[in-house]
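Chains, contacts and geometry: an overview
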Amino acid sequence: MSDFDVRRIGGRIGAEITGVDVRELSDSIFGEIHAALLEHKVLGFRGQDLTDDDQVAFASRFGALTGAHPTVPAVDGRPEILPVDSESGRANHWHTDVTFVRTPPKISTLRGLVIPPYGGNTLIANTAAAYRDLPDELRELADRLWAVHTNDYDYVTPGKSGVDPAKAAEHRKAFVSRKWKTAHPVVRVHPESDERNLFIGGFAQNIVGLSAQREGRAILDILQSYVTRPENILRWVWAPGDLVVFDNRITQHYAPDDYGDLPRLLHRVTVAGDVPSGVDGRRSYLLEGDDASHYTPAATAA
């Protein structure tokens, strides 16, 4: 008999999966895990101690994989794996992965390799709960809005300590070596659950038709304040060997820079996603850049 269990770890977001080895999942157990991900948005697995091959194989069960990143180099010899390395910068800004392209990833997996003895947690927010929290008038406004997402804005900022300036500069140069601007609906309809959520975050830099420095920024800030309400957030306290999976279509995440000059290293593998749709059925469209087909197989189906 399996000891498989789904244990909620947040009032509005997150569950821990216990009693499984993700390398040895039956189709039926994987189906339950997939359903749990749709319900809880984030799943954590303690002590999995996976290899790169194991992580890639597990992520592949959710669908075709993207490359590591549209511009940032992958782990040597592993084109699907992005090293999330504190020496190159720290992603201490709320964001959803790679929303500057037309087909952002649908699922992200993070695996803990080098974890500081304190700090270095990951915060993940439920953007559907944030949408439901909006007053009726603000929700109706958000339903009509579109936001411009771009990578010509690097959310990975050098920390006060622990960041190699040369590596940070190299990362920044790579990050913007190719540029994209994409218009996404501010309210995205999830393609599997039909939930509406606030699809914004750090790469959303303006509202279509409004001033980037005034009205657009002010509206994004108001909406973002609902995403980051404490009741909508899960804090994952890492241990080496942990695996975290989150639905990139309906969450944002943030890595607090609170561990001084200590090293921190995660490996990220992402699953290719579709073109976001708004409440009126209209789909996201490119404003600048290409279809990112070098990065995601979803681009050819868009």
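Please refer to the structure placed before this passage.
Let us look at the structure shown here. These numbers were taken from a predicted model, which means no experiment stands behind them.

Turning our attention to the sheet that holds strand β14 (residues 251-254). Taken together, the three strands give an open sheet; going across it, the order is β12-β6-β14, and neighbouring strands pair in antiparallel fashion. On the outer flanks of this sheet lie β12 (233-236) and β14, each paired with one strand and no other. The sheet shows a mean angle of 20 degrees between the axes of neighbouring strands, taken without regard to direction.

Let us now look at the packing of aromatic side chains. Here the structure, examined in full by the defined rule, presents eight aromatic pairs. For the pair phenylalanine 30 and phenylalanine 58, a centre-to-centre distance of 6.5 Å together with 85 degrees between the ring planes defines the contact as edge-to-face. Taken as a pair, phenylalanine 30 in helix α1 (residues 27-40) and phenylalanine 58 in helix α2 (residues 52-60) lie far apart in primary sequence, 28 residues in all. Owing to a relative accessible area of 1%, phenylalanine 58 belongs among the buried residues under this scheme. Judged by centre distance (5.9 Å) and plane angle (35 degrees), the ring pair of phenylalanine 100 and tryptophan 180 falls under tilted. With phenylalanine 100 in the loop between β4 (82-85) and β5 (107-114) and tryptophan 180 in the loop between α5 (165-175) and β8 (181-185), this residue pair connects regions lying 80 residues apart in the sequence.

Further remarks concern helix α6 (residues 215-227). Between its terminal C-alpha atoms α6 stretches 19 Å, which fits the 18 Å expected from 13 residues at 1.5 Å a residue. Of all the residues in α6, the buried ones are Gly216, Ile219, Leu220, Leu223, Gln224, Tyr226 and Val227. With its buried residues spanning 145 degrees around the axis, α6 presents them on a single face.

What follows deals with the sheet that holds strand β16 (residues 285-288). Taken in spatial order, the four strands line up as β11-β7-β8-β16 in an open sheet, and their pairing is antiparallel. The open sheet terminates on both sides in strands that have one partner only, identified here as β11 (204-207) and β16. Sheet twist, expressed as the average angle between the axes of neighbouring strands with direction ignored, equals 35 degrees. By the bridge criterion, five bridges tie strand β7 (residues 146-150) to β8 in an arrangement that is antiparallel. Looking across to β8, one finds that histidine 149 is bridged to threonine 182.

It is worth spelling out α2 at this point. When α2 is considered as a whole, its buried residues turn out to be Asp52, Asp54, Gln55, Val56, Phe58 and Ala59. Those residues of α2 that are buried lie in contact with α1, β3 (42-45), β5, β13 (243-247) and β15 (265-271).

Tallying each qualifying case throughout the model produces 21 salt bridges. In this structure, aspartate 27 and arginine 61 form a salt bridge, with 3.0 Å as the shortest nitrogen-oxygen distance. Of this pair, aspartate 27 sits in helix α1 while arginine 61 sits in the loop between α2 and β4, placing them 34 residues apart in sequence. When its relative accessible area of 67% is taken as the criterion, aspartate 27 is described as exposed. Across the salt bridge formed by lysine 41 and glutamate 195, the nearest N and O atoms sit 3.0 Å from each other. Taken as a pair, lysine 41 in the loop between α1 and β3 and glutamate 195 in the loop between β9 (187-189) and β10 (196-198) lie far apart in primary sequence, 154 residues in all.

It is worth spelling out the nonpolar core at this point. Grouped together as the largest cluster of nonpolar side chains are 26 residues, with contacts concentrated most on Leu25, Ile33, Leu43, Phe45, Phe58, Phe62 and Val245. For this core, the secondary structure elements donating two or more residues are β2 (15-18), α1, β3, α2, β13 and β15. Sort the elements by how many residues they give to this core and α1 lands first, with five residues. With sequence-adjacent residues up to four places away left out, phenylalanine 58 is seen in contact with Val22, Leu25, Phe30, Phe45, Leu243 and Val245. Core analysis: the next-biggest nonpolar cluster, separate from the first, contains 21 residues, Leu138, Leu198, Ala204 and Leu220 among them.

In this section: the pairing of β2. Looking at chain direction, strand β1 (residues 5-8) and β2 are connected through four bridges and run antiparallel. Looking at the pairing, arginine 8 lines up with alanine 15 of β2. Here β2 runs beside β3; their pairing, made up of two bridges, is parallel. The partner of glutamate 16 across the bridge, within β3, is glycine 44. A crossover connection joins β2 to the parallel β3 through α1; in handedness this β-α-β unit is right-handed.

A word on the side chain of asparagine 151. Along the chain, the position of asparagine 151 falls in the loop between β7 and α5. A polar side-chain atom of asparagine 151 sits 2.8 Å from the main-chain carbonyl oxygen of arginine 178. Polar side-chain contacts of asparagine 151 include one of 2.8 Å to the backbone nitrogen of tryptophan 180.

Scoring rules and cut-offs
Per chain, residues are indexed from 1 in the order of the written sequence. Only residues with pLDDT of at least 70 get local features here, since the model is predicted, and only at 80 or more are side-chain atom pairs given and counted; chain-wide, interface and lining totals rely on the full set of residues. Side-chain figures throughout are based on the complete set of non-hydrogen atoms in the structure, without hydrogens or water. Paired strands, in this sense, are two strands between which DSSP finds at least two bridges. Put simply, DSSP H or I for four residues or longer makes a helix, DSSP E for two residues or longer makes a strand, and each gets a number counted from the N terminus. Between the N-to-C directions of two axes lies an angle of 0 to 180 degrees, each axis being a line fitted to C-alpha atoms and, for a helix, fitted only over the stretch in contact. Pairing of aromatic rings covers Phe, Tyr and Trp, the last through its six-membered ring, and needs centres within 6.5 Å; plane angles under 30 degrees mean stacked, over 60 mean edge-to-face, and all others mean tilted. Burial classification: accessible surface area is computed with a 1.4 Å probe over protein chains only, and a residue below 20% of its type maximum counts as buried, one above 50% as exposed, and the rest as partly exposed. To estimate the expected span of a helix, subtract one from its residue number and multiply by 1.5 Å. As used here, the arc belongs to the directions running from the helix axis to the C-beta atoms. Contact definition: two residues touch when any of their heavy atoms are within 4.5 Å. The salt bridge criterion pairs a side-chain nitrogen of Lys or Arg with a carboxyl oxygen of Asp or Glu, the two atoms within 4 Å. Only buried Ala, Val, Leu, Ile, Met, Phe, Trp, Tyr and Cys residues count toward a nonpolar core, and they belong to the same one when joined by side-chain atoms within 4.5 Å. Orient the strands so they point away from the viewer; a crossover is then right-handed if the path from the first strand over the helix to the second runs clockwise. Pairs of N or O atoms are called polar contacts if they sit within 3.5 Å, as long as, within protein, a hydrogen donor faces a hydrogen acceptor (for residues adjacent in sequence, only side-chain-to-side-chain pairs).

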